Amino acid sequence: MEIKIQSTENSKIANVDFNNLSFGSIFTDHMFVCDFEDGAWKNPSIVPYGPIAFEPSARVFHYGQAVFEGMKAYKDDQDDIFLFRPDESVKRLNTSAARLAIPVLPEEIFHEGLKKLLQVDTEWIKKGFGNSLYIRPFIIATDGAIAASPAIKYKFIIICSPAQSYYAGEVRVIVAEKYSRSANGGVGYAKAAGNYAAQFYPTSLANKEGYQQVIWTDADTHEYLEEAGTMNVFFRIGDKLVTAPTSDRILDGITRKSIIQLAKDHNVTVEVRDVSVKEIKEAASNGSLKEIFGSGTAAVINPIKGFKHQDFVYELPEVADAYATFFKDKLLNIQYNKEVDLHNWRVKVS
Ligand SMILES: *Cc1c(COP(=O)(O)O)cnc(C)c1O
């Protein structure tokens with residue numbers, strides 16, 4: 001596969017303060033672009049990062065045919081660049097694409113395009129624990145036509161944003177009783193752009209009450225806990241870890257499945273099963289609920305300090321030896337090439 005490269009003439013890198021980055025607001029000098037036209041993916045190229053023109057009738061603007069991924073690249077002390085489980089990301093991108101009637105993207109285009117882009121923008125990946133490059137691959141429907149049917153033209157684009165360790169601040173959550181992020185037979189398992197748009201309003205209502213996020217419950221009964229904001233969610237009851245099984249409503253998070261594996265590796269009992277609101281409230285009342293945390297690529301693990309459900313408000317106690325800290329450190333050490341990687345999750349970009 002041949003990737004055309006058009007390098008920028010004005011690198012922005014000298015103007016970036018890498019010690020003061022706000023998440024996802026600065027982008028590297030280049031992006032990878034590939035078009036789907038006449039039934040095939042073509043013209044893979046790397047071009048300077050910048051605006052792209054589309055007709056106002058481009059279908060993505062009207063029908064939301066858009067899917068994305070979120071990944072990170074890390075650099076170790078030897079200047080080697082690593083990705084974390086990139087095969088999982090490309091598979092999931094295609095799972096999401098299939099659900100939105102977007103044509104399958106050959107895995108080679110994803111892997112080769114990303115690798116080339118990381119090589120071209122390698123200066124943007126800073127060494128040192130906590131530094132990383134956030135990677136956002138996405139596909140959008142670009143042909144100008146507002147008939148309500150799948151597009152015949154698409155663009156696959158990868159953009160990258162330098163990041164420092166992400167801390168969302170103290171997070172308290174409201175358990176959803178009215179709104180849902182996904183439904184049976186819906187698109188909850190896909191990284192569809194519209195899933196995020198649909199969360200913004202209910203989340204803003206939670207914000208007004210002083211809560212940062214919503215724990216989403218099953219759309220049918222609102223009795224089972226499914227995800228926390230845009231993260232998968234884990235509960236520690238006593239010494240055991242519990243998380244909901246993936247389904248068509250729950251996103252199959254790569255961080256989630258890595259934590260489940262690490263728990264097994266370290267003899268922590270982990271139960272993948274439905275978790276009811278009732279069970280968590282009872283565990284809170286009898287003191288056995290020790291931790292709640294969200295998992296996802298951006299923050300890795302984000303502890304949740306408290307939750308509210310109807311009139312029940314609960315503040316989690318501080319725990320010594322928190323699982324959140326333990327598993328976050330384990331994952332980061334694997335990602336930064338500081339610890340053996342039993343499962344070959346770390347992939348060197350060479
Ligand atoms: C991306 C995402 C996650 C986390 O997935 P990771 O692969 O761990 O980054 C969890 N829930 C939702 C809804 C997501 O979109």
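In what follows, the structure referred to is the one given above.
As the structure is a prediction and not an experimental result, all values here were calculated from the model.

Thresholds, definitions, all that
Residues numbered from 1 in each chain as written. Predicted model: local features only at pLDDT ≥ 70, side-chain atom pairs only at ≥ 80, totals over all residues. Heavy atoms only, no water. Axes fitted to C-alpha atoms, helices over the stretch in contact; angles between N-to-C directions. Helix = DSSP H or I, 4+ residues; strand = E, 2+ residues; numbered from the N terminus. Parallel < 35°, antiparallel > 145°, perpendicular 65-115°, else oblique. Left-handed = near helix turned anticlockwise from the far one by under 90°. Contact = heavy atoms within 4.5 Å. Near = heavy atom within 4 Å. Polar contact = N/O pair within 3.5 Å; in protein donor to acceptor, adjacent residues only side chain to side chain. Nonpolar A, V, L, I, M, F, W, Y, C, P; charged D, E, K, R; others polar. Buried < 20%, exposed > 50% of the residue type's maximum accessible area, 1.4 Å probe, protein only.

For this particular structure, what's the right way to read the packing of helix α2 (residues 86-99) against helix α3 (residues 107-120)?
The geometry of a pair of packed helices is captured by two quantities: the angle between their axes and the separation between those axes. As a packed pair, α2 and α3 sit with axes 10 Å apart at the nearest point and diverge in direction by 130°. With respect to α3, the axis of α2 lies oblique. At the point where α2 passes α3, the crossing takes the right-handed sense. Mapping the contact onto sequence places Pro-86, Asp-87, Ser-89, Val-90, Lys-91 and Leu-93 in α2 and Glu-107, Phe-110 and His-111 in α3.

Please clarify how the site of the ligand should be interpreted in this entry.
Around the ligand, a shell composed of 15 residues is seen, among which Lys-191, Tyr-196, Glu-227, Thr-255 and Thr-297 lie nearest. At a separation of 2.5 Å, an oxygen atom of the ligand approaches a polar side-chain atom of Tyr-196. Contact between the ligand and Glu-227: a nitrogen atom at 2.5 Å from a side-chain N or O atom of the residue. In terms of residue class, the shell around the ligand is built from 4 nonpolar, 7 polar and 4 charged.

What should I look at first to understand the side chain of Arg-249 in this one?
You can see Arg-249 is positioned in the loop between β13 (240-243) and α5 (254-265). A relative accessible area of 18% places Arg-249 in the buried class. For Arg-249, the side chain forms a polar contact with the side chain of Asn-184, separated by 2.4 Å. Contacts of Arg-249, omitting those with residues within four sequence positions, involve Arg-181, Ser-182, Ala-183, Asn-184, Gly-188, Tyr-189, Asp-218, Glu-226 and Glu-227.

It is worth stressing that arrangement in space is one thing and function is another; only the former is reported here.
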